[in-house]
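# A structural walkthrough
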Amino acid sequence: LEVRDNAIVNLDHAWVPEFAALSPSSTINFNAISTIPAGTSGNLHIGGSGTKNLSQGETIVMGEFTTDNIILKGAPSNTSILTLYGDVKLNNTGSIAADNTIHYNFVSDTVQTIDLAGDMAAFRLSMAENNKLTFNNPSGIPFTIKIGSTNGGGIEPGNGSVLNIGNNILELSGGATI
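In this report, the structure presented in the accompanying data block is examined. Quick caveat: nothing in here was measured; it's all calculated off a predicted structure.

Calculation criteria
- Residues numbered from 1 in each chain as written.
- Predicted model: local features only at pLDDT ≥ 70, side-chain atom pairs only at ≥ 80, totals over all residues.
- Heavy atoms only, no water.
- Salt bridge = Lys/Arg side-chain N within 4 Å of Asp/Glu carboxyl O.
- Helix = DSSP H or I, 4+ residues; strand = E, 2+ residues; numbered from the N terminus.
- Buried < 20%, exposed > 50% of the residue type's maximum accessible area, 1.4 Å probe, protein only.
- Pairing = 2+ DSSP bridges.
- Patch = residues over 30% accessible without salt bridge, like charges linked within 9 Å, V, L, I, M, F, W, Y side chains within 5 Å.
- Areas by Shrake-Rupley, 256 points an atom, 1.4 Å probe, with all protein chains shown as cover.

This part takes up the pattern of salt bridges. Inspection of the entire model under this criterion finds 4 salt bridges. Arg 124 is paired through a salt bridge with Glu 156; the nearest N and O atoms lie 3.0 Å apart. A residue pair is termed long-range when its members are at least 10 positions apart, and Arg 124 in strand β17 (residues 124-127) and Glu 156 in strand β20 (residues 154-156) qualify at 32 residues. The exposure class of Glu 156 is partly exposed, given its relative accessible area of 40%.

Pasting the structure below:
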């Protein structure tokens, strides 16, 4: 399947087509499948309900990454990397993953944001050189940003990067380091 500029693909079933080409301005909506395959996409939306898992390896999102009403997990042993060029909207208000969390890799050398609607769990949070990462919380209620696991993880800021957690709570757990 070739997905051109501004095209939207809604995947409302368990079958995923093979993508020959994806425009950076296209949007892929995963609504039914429980394991999201690694690969590159423009804008990526994961919705539906229940637990959704990113496959082992690297998932690259050239545009915006959005989740709605799900628990987002990675592959066993925290081997899922989510490389992000755009902003993140985590519209999840329920439980957060207790294990197999994700490495969020922010690669833009400008401002990137994470909009929270609830708590967030991550294995690692990496920031490119000069990246300005801001956590937005429109509700004003402090949410917990839990980073790390017994396997390590933590925060890897690039030279000149800035992490702004706003009115949220940053919790480093397990073997997490900065």
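Bringing the sheet that holds strand β11 (residues 71-73) into the picture now. Reading across the sheet, the 3 strands line up as β5-β8-β11 and stay open at both edges, with parallel pairing between neighbours. Edge positions in the sheet fall to β5 (35-36) and β11, since each has one partner strand and no second. The sheet contact formed by strand β8 (residues 51-54) and β11 spans 3 bridges and is parallel. Directly across from Thr 51, in β11, lies its bridge partner Ile 71.

Taken together, Leu 170, Leu 172 and Ile 178 make up a surface patch of nonpolar side chains, about 270 Å² in accessible area. For Ile 178, the position within the fold is in the segment after β22 (169-172).

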